[in-house]
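Chain and residue survey
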Amino acid sequence: MSATRYTYLGPEGTFTEAALRSLPEAATRELVPMVSVPAVLDAVRRGEAAGALVAIENSVEGGVTATLDELATGSPLMIYREVLLPIAFALLVRPGTQLADVKTVTGHPVAQPQVRKWLEAHLPDAQWESAASNADGARQVQEGRFDGAFAGEFAARLYGLEPLVTDIHGGRSATTRFVLVGRPGRTSSPTGADKTSAVVWLGDDHPGALLELLQEFAARGVNLMRIESRPTGQGLGNYCFSIDCEGHIADRRVGEALMGLKRFCPKVRFLGSYPRADEVRPQLRPGTSDEDFTSAADWLSRCMDGRGEL
Ligand SMILES: O=C(O)C(=O)C[C@]1(C(=O)O)C=C[C@@H](O)C=C1
């Protein structure tokens, strides 16, 4: 049964559920809502679900720290797919509520920066309290605990609410990126438009340590798409780096950059290589294609045979 089950941050009506339902395979899976990102991922770790969809990055708020930290620690998990979802919030209220009646509002903490400007302009005195998810906020409005919840408009009917205001977002292109995570397994073949994720721990603290990490990518023409420092939990000043880069671990430039890190970093956790949702292919710098790496390696062996000029 677990092989057919995918978990997601619930209750029903979250953006995560909408993103999960956009995957063709979701139609044949049992989709199980859970109360938190750790719960969602632990179900996969325990083998109770084959996969989990979790938000990892938002174009307004940046990295979703609960997800980044869960993927960096505990038993390893791997990313197999990514999904991009445009995010627009609606202010959901109980039927009959007017804007002037809204004194308390709720939503997921990642939603708050995306609705902050709208709140300042239209409900400057409203009190915000965070909910476990946007749909959980909607459920709490239904129960009468808050006057309004910021959630997807689609959540309204699930909780007997009305969208009082729609199309609230933190920028013209507010987008959340979600990843489908499973237990470690074989990486899918490169598509030519791939992304690789990893978490890197630096060794002893010294000047230029971060630069050394970056150089492994820069020297091989690997474009970084996201790099974030996260506390390791081992005291102030102890950080690891959560990284997404363009390309697939099977691309020579990416594999060699990761091997370069592995040689001097105490820990590198490979989180997976998977197709980019936007299908954008990288612009390769001269000398960084697989063919360039292969011909340089051939040249090296020829050098050893005394034929380096060929
Ligand atoms: O609360 C939800 O609806 C979610 O799916 C969670 C979540 C997130 O964790 O980032 C997803 C997308 C939105 O950007 C805000 C919240």
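Look up: the structure comes first, before these words.
Residues numbered from 1 in each chain as written. Predicted model: local features only at pLDDT ≥ 70, side-chain atom pairs only at ≥ 80, totals over all residues. Heavy atoms only, no water.

Section: the nonpolar core
Note the threshold: For the purposes of this section, nonpolar cores are sets of buried Ala, Val, Leu, Ile, Met, Phe, Trp, Tyr and Cys residues that join through side-chain atoms within 4.5 Å. Only protein chains enter the area calculation, which uses a 1.4 Å probe; residues under 20% of their type maximum are buried, those over 50% are exposed, and those in between are partly exposed. By definition, any uninterrupted DSSP run of H or I lasting at least four residues is a helix, any uninterrupted run of E lasting at least two residues is a strand, and each is numbered from the N terminus. Contacts are assigned to residue pairs that have any heavy atoms within 4.5 Å of one another.
In terms of nonpolar packing, the biggest core is built from 32 residues, with Leu91, Val105, Leu119 and Phe150 touching the most fellow members. Broken down by secondary-structure element, the contributors of at least two residues to this core are strand 1 (5-9), helix 1 (15-21), strand 3 (51-58), strand 5 (78-86), strand 6 (89-93), helix 4 (112-122), strand 10 (162-168) and strand 11 (175-182). In this structure, Phe150 is in contact with Phe89, Ala90, Leu91, Val105, Thr106, Gly107, Val115, Trp118, Leu119, Trp128, Asn134 and Ile168, ignoring residues within four places of it in sequence. Among the nonpolar cores identified, the runner-up in size contains 21 residues, and Val37, Leu77, Val179 and Trp201 belong to it.

Brief notes about empty space enclosed by the protein
Applied cut-off: A cavity here means a set of points on a 1 Å grid, drawn over the protein atoms and nothing else, where a 1.4 Å probe fits but cannot get out; a pocket is an open set with protein on both sides within 12 Å along at least five of seven lines, and a residue lines either one if it has an atom within 4 Å of a point. Grid points are joined across faces, edges and corners, and a volume is the space filled by probe spheres set on the points. Three classes are used: nonpolar for Ala, Val, Leu, Ile, Met, Phe, Trp, Tyr, Cys and Pro, charged for Asp, Glu, Lys and Arg, and polar for all others, with Gly counted as polar.
Taken as a whole and assessed by the stated rule, the structure comprises two cavities of 30 Å³ or more. Here the largest cavity is characterised by a volume of approximately 250 Å³. Around the largest cavity, the lining comprises 20 residues; the ones closest to its centre are Leu9, Thr16, Ala55, His108 and Asn134. For the lining of the largest cavity, the secondary structure elements donating two or more residues are helix 1, helix 2 (37-45), strand 3 and strand 11. Taken together, the residues of the lining of the largest cavity break down into 13 nonpolar, seven polar and no charged. Considering only enclosed or pocket space, the second largest cavity measures out at about 30 Å³ in volume. Taken together, Thr196, Ser197, Ala198, Val200, Phe217, Ile243, Cys245, Leu258 and Leu261 make up the full set of residues lining the second largest cavity. Contributions of two or more residues to the lining of the second largest cavity are made by strand 12 (194-201), strand 14 (239-246) and helix 7 (252-264). In terms of residue class, the lining of the second largest cavity is built from seven nonpolar, two polar and no charged.

Let's talk about the site of the ligand
For clarity, the cut-off: Distances are taken per atom, and a residue is near a molecule or strand as soon as one of its heavy atoms is within 4 Å of it. Two N or O atoms form a polar contact when they lie within 3.5 Å of each other; inside protein one atom must be a possible hydrogen donor and the other a possible acceptor, and for residues adjacent in sequence the pair counts only when both atoms belong to side chains. Per-residue accessibility takes into account occlusion by the displayed protein chains alone, with areas from the Shrake-Rupley method and a 1.4 Å probe. In this description, a molecule resides in a pocket or cavity if more than half of its atoms sit within 2 Å of the grid points defining it.
Taken together, 15 residues sit near the ligand, with Phe15, Thr16, Val110, Asn134 and Thr176 positioned nearest. At 2.5 Å, a side-chain N or O of Thr16 approaches an oxygen atom of the ligand. At 3.4 Å, a side-chain N or O of Gln114 approaches an oxygen atom of the ligand. Relative to its unbound accessible surface of 360 Å², the ligand loses 99% to contact with the protein. Using a 2 Å cut-off from the grid points, one finds that the ligand occupies the largest cavity. For the shell around the ligand, the elements supplying multiple residues, two or more each, are helix 1, strand 3 and strand 11.

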